[in-house]
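Per-entry structural report
Single-letter residue listing:
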Amino acid sequence: MWIRVAKHQSAIKIGQAGNRYIDGPLIEEFYFDEAVAEALDADQFLPEMWEKLQAMFDWGDCDYFEANRCKKLYTWVSERLCKDISPAIRPVYEVMQEYSALAVRLNTGMYFDF
């Protein structure tokens, strides 16, 4: 499972179906495995993303967050990091915080490929 952030507008691509994704050399990406995904699931990661960020994905799906949604993501992740979180998933939340801040600063976006 991948989380990507565009470091430049040129890294934001549009697929045949009109969906946005991030690809190319001007990106940063973070991978986590099935064990971490299971720990995120136990932490209610997706239901909170659905509720608070209107995320449209589930495990096995993809979603693109433009800079405005990344602002909301940053706020939510920052709040999550103040709570008691499993050490197995803390790095995922920290990367989401870092990437969302970068996307806002650069006016780009993030891509979740689960």
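See above for the structure.
Residues numbered from 1 in each chain as written. Predicted model: local features only at pLDDT ≥ 70, side-chain atom pairs only at ≥ 80, totals over all residues. Heavy atoms only, no water.

**Description of the overall build of the protein**
Definition in use: We count a stretch as a helix when DSSP gives it H or I for four or more residues in a row; a strand needs E for two or more, and each element gets its number in order from the N terminus. Taken over C-alpha atoms, the radius of gyration is set against a globule rule of 2.2 Å times the number of residues to the power 0.38. In this scheme, a residue with accessible area under 20% of its type's maximum is buried, one over 50% is exposed, and one in between is partly exposed, where area comes from a 1.4 Å probe on protein chains only. Two residues qualify as a contact provided that any one of their heavy atoms is within 4.5 Å of a heavy atom in the partner residue. Shrake-Rupley sampling with a 1.4 Å probe provides the accessible areas, and residues are treated as covered by the protein chains on show and by no other component. The charge count includes Lys and Arg as positive and Asp and Glu as negative, but it does not include His or the ends of the chains. One atom stands in for each charge, and that atom is NZ of Lys, CZ of Arg, CG of Asp or CD of Glu.
A tally of regular secondary structure across the protein gives four helices and six strands. In sequence order, the protein lays out its α and β elements as β-β-β-β-α-α-β-α-α-β. The globule rule puts the C-alpha radius of gyration for 114 residues at 13 Å, and the 13 Å found for the protein is close to it. Residue burial in the protein is summarised as follows: out of 114 residues, 43% are buried. Across the protein, contacts joining residues at least 24 apart in sequence account for 62% of those joining residues at least 6 apart. Accessible area of the protein: about 6,200 Å², with a carbon and sulfur share of 50%. Measuring between centres, the 12 positive side-chain charges of the protein sit 9 Å from its 19 negative side-chain charges.

**Looking at the pairing of strand β1 (residues 2-6)**
As a reminder of what qualifies: Here the rule is simple: two strands pair whenever DSSP picks up at least two bridges between them.
Most of β1 sits inside the fold, with four of its five residues counted as buried. Strand direction decides the pairing type here: β1 and strand β4 (residues 27-31), joined by five bridges, are antiparallel. Counted as the bridge partner of tryptophan 2 is tyrosine 31 from β4. In this sheet, strand β6 (residues 109-113) lies alongside β1 in antiparallel orientation, the contact comprising four bridges. Among the inter-strand pairings, tryptophan 2 is bridged to a residue of β6, identified as aspartate 113.

**Digging into helix α2 (residues 45-53)**
Applicable threshold: Think of the arc as the fan of directions from the helix axis to the C-beta atoms.
Among all positions of α2, only Phe45, Leu46, Glu48, Met49 and Leu53 are buried. The arc that holds the buried residues of α2, viewed along the axis, is 160 degrees, so those residues lie on one side. At its buried positions, α2 is contacted by α1 (34-42), β5 (62-66), α3 (67-81), α4 (90-106) and β6. Backbone geometry just after α2 places glutamine 54 at a positive phi near 50 degrees.

**Regarding the packing of α2 against α3**
This is how the line gets drawn: An axis is simply a line fitted to the C-alpha atoms; with a helix, the fit covers only the stretch in contact. Between two such axes, the angle follows the N-to-C directions and lies from 0 to 180 degrees. To sort the angles, those under 35 degrees are grouped as roughly parallel, those over 145 as roughly antiparallel, those from 65 to 115 as roughly perpendicular, and the leftovers as oblique. Should the near helix be turned anticlockwise from the far one by less than a right angle, the crossing is termed left-handed; should it be turned clockwise, right-handed.
Packing of α2 against α3 leaves a shortest axis separation of 11 Å and a crossing angle of 135 degrees. The orientation of α2 with respect to α3, classified from their angle, is oblique. Seen from above, α2 lies across α3 with right-handed handedness. Contact residues: Phe45, Glu48, Met49, Lys52 and Leu53 in α2; Arg69, Lys72, Leu73, Trp76 and Arg80 in α3.

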